[in-house]
Amino acid sequence: MAGEAHFTPALFAFLRDLKAHNDRDWFLASKKRYETDVKEPALRFIADVAPGLRQVNPNIVAEPRSLFRINRDVRFSADKSPYKTNVGMGFGFRRSDAGPAPGYYLHIEPGETFAGGGIHMPDNPTLTRVRDAIVADPAGWKRIVGDPTFAPMAVHLGESLKRAPQGYAPDHELVADLKRKSYTWHVKFTEAEVCGADFMARYLDACRTAAPYTGFLARAVGAPW
């Protein structure tokens, strides 16, 4: 699937400059750079990656609104910087309801670019569904998270309870997983990889590798898989 690169070093240069000059006047004066070096390449990536994501699961949505807004919501933040200094894209499930479901994510930032997915900090009913699914099929869960290809991506980045959640055995063989508050995966990329002609293929490879994990979570919460 290699072809022309979607992203160039100009994207990272813009984000570094934005971090150094995170104010409205600078951004408005540099908006053409943002459009040319960041937004347009990101939208092209979304359009081009959509067919590959649909092959992973036909219910995954990749469309222009998958690109997160550059503007920060500063209403409840002590940091009043008006703009994000990263590019974020989220590819979720097409659903008739608004219930939580696992999805795929791409985060592009100087020194911190990663693909990821899963369910991050959901509500308690969603956590219960996932935990119940793990208890109901411990062998299936262990097979997925222990797969040699996927295991390095199953890095636990979220919070965990100090004790087993109420209703679950403290001595369960998977109690460490049952205590988690998020079920996610994560794989990093260098700037050179992001700017490479095969980056989209690398991203899709990561999503395909994570598909059994995503599928387990999707079935647990009733999302189509």
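Going by the structure above, here's the rest.
All values derive from a computational prediction rather than experimental measurement. (Residues numbered from 1 in each chain as written. Predicted model: local features only at pLDDT ≥ 70, side-chain atom pairs only at ≥ 80, totals over all residues. Heavy atoms only, no water.)

**Student:** Please clarify how empty space enclosed by the protein should be interpreted in this entry.
**Tutor:** Over the atoms rolls a probe the size of a water molecule, and its path tells where empty space is left. Per the counting criterion, the structure on display carries one cavity of 30 Å³ or more. Estimated volume of the largest cavity: approximately 60 Å³. Residue assignment for the lining of the largest cavity shows that the elements contributing at least two residues are α3 (31–56) and β1 (87–91). Here the lining of the largest cavity is built from residues that sort into six nonpolar, two polar and two charged. (1 Å grid on protein atoms, 1.4 Å probe; cavity = no way out; pocket = protein on both sides within 12 Å on 5 of 7 lines; lining within 4 Å. Points joined across faces, edges and corners; volume = space filled by probe spheres on them. Helix = DSSP H or I, 4+ residues; strand = E, 2+ residues; numbered from the N terminus. Nonpolar A, V, L, I, M, F, W, Y, C, P; charged D, E, K, R; others polar.)

**Student:** Quick question: what am I supposed to make of the packing of aromatic side chains here?
**Tutor:** We describe a pair of aromatic rings using the distance from one ring centre to the other and the angle between the two ring planes. Per the counting criterion, the structure on display carries 19 aromatic pairs. On the numbers, 5.4 Å between centres and 50 degrees between planes, the contact of F27 with Y34 is tilted. On the basis of relative accessible area, F27 is assigned to the buried category, the value being 5%. Arranged with centres 6.0 Å apart and planes meeting at 80 degrees, the rings of W141 and Y183 form a pair that is edge-to-face. (Phe/Tyr/Trp six-rings, centres within 6.5 Å; stacked < 30°, edge-to-face > 60°. Buried < 20%, exposed > 50% of the residue type's maximum accessible area, 1.4 Å probe, protein only.)

**Student:** What exactly am I supposed to notice about the side chain of T126 here?
**Tutor:** Mapped onto the fold, T126 is located in helix α4 (residues 124–136). Look at T126 and you get buried, because its relative accessible area is 1%. When neighbours within four sequence positions are excluded, T126 is seen to be in contact with P100, I119 and V221. (Contact = heavy atoms within 4.5 Å.)

**Student:** Please clarify how α3 should be interpreted in this entry.
**Tutor:** The periodicity of an α-helix, 3.6 residues per turn, causes residues three or four places apart in sequence to face the same way. Taking 1.5 Å as the rise per residue, α3 with 26 residues should run 38 Å; its terminal C-alpha atoms sit 35 Å apart, in good agreement. On its buried side, α3 packs onto α1 (9–20), α2 (24–29), β1, β2 (103–108), α8 (199–209) and α9 (211–221). (Expected span 1.5 Å × (residues − 1).)

**Student:** Just to check I follow, could you spell out unusual backbone geometry for this structure?
**Tutor:** Leave glycine aside and you will find that most residues have negative phi; peptide bonds, for their part, are mostly trans. The backbone of M121 sits at a positive phi, close to 45 degrees, despite the residue not being glycine. Its place among the elements puts M121 in the loop between β3 (113–119) and α4. Taking the relative accessible area as the measure of exposure, M121 reaches 40% and is therefore partly exposed.

**Student:** Looking at this structure, I do not really get the environment of Q166. What am I missing?
**Tutor:** Of note, Q166 is situated in the loop between α5 (138–145) and α6 (175–178). With 38 residues separating them in the primary sequence, Q166 and T128 have C-alpha atoms 10.0 Å apart.

**Student:** Can you help me understand the sheet that holds strand β4 (residues 183–189) in this one?
**Tutor:** Two strands in a sheet stick together by hydrogen bonds in their backbones, pointing the same way (parallel) or opposite ways (antiparallel). The four strands are arranged β1-β2-β3-β4 in an open sheet whose pairing can be described as antiparallel. Looking at the sheet topology across the chains shown, the edges are occupied by β1 and β4. Here the strands of the sheet are splayed against their neighbours by 15 degrees on average, with no regard to which way each runs. In this structure, β3 lies alongside β4, joined through seven bridges in antiparallel fashion. Counterpart to T113 in the pairing with β4 is F189. Along the sheet, α1 makes contact with β1, β2 and β3, crossing β2 at roughly 75 degrees. Sitting on the sheet, α4 touches β3 and β4, and the angle it makes with β4 is about 90 degrees. (Pairing = 2+ DSSP bridges. Axes fitted to C-alpha atoms, helices over the stretch in contact; angles between N-to-C directions.)

**Student:** Hey, could you run me through the pattern of salt bridges in this one?
**Tutor:** One side chain can pair with another of opposite charge once the charged atoms of both are near each other. Tallying each qualifying case throughout the model produces twelve salt bridges. As a salt-bridge pair, R16 and E191 come within 2.5 Å of each other at their nearest N and O atoms. In this pair, R16 sits in helix α1 while E191 sits in helix α7 (residues 191–194), placing the two residues 175 residues apart along the sequence. The exposure class assigned to E191 is partly exposed, which follows from its relative accessible area of 25%. We note a salt bridge from D73 to R75, for which the minimum N-O separation is 2.7 Å. When salt bridges that share partners are traced, they join E193, D198 and R202 into one network. (Salt bridge = Lys/Arg side-chain N within 4 Å of Asp/Glu carboxyl O.)

**Student:** When you look at the nonpolar core in this model, what are you seeing that I'm missing?
**Tutor:** One recurring pattern in soluble globular proteins: nonpolar side chains tend to sit buried together. Judged by nonpolar contacts, the single largest core of 61 residues is most densely connected at L53, M89, F91, Y104 and Y203. Among the elements that take part in this core, α3 stands out by supplying nine residues, more than any other. With sequence-adjacent residues up to four places away left out, M89 is seen in contact with F7, A42, F45, I46, S66, L67, F68, Y104, Y105, L106 and I108. (Core = buried A, V, L, I, M, F, W, Y, C linked by side-chain atoms within 4.5 Å.)

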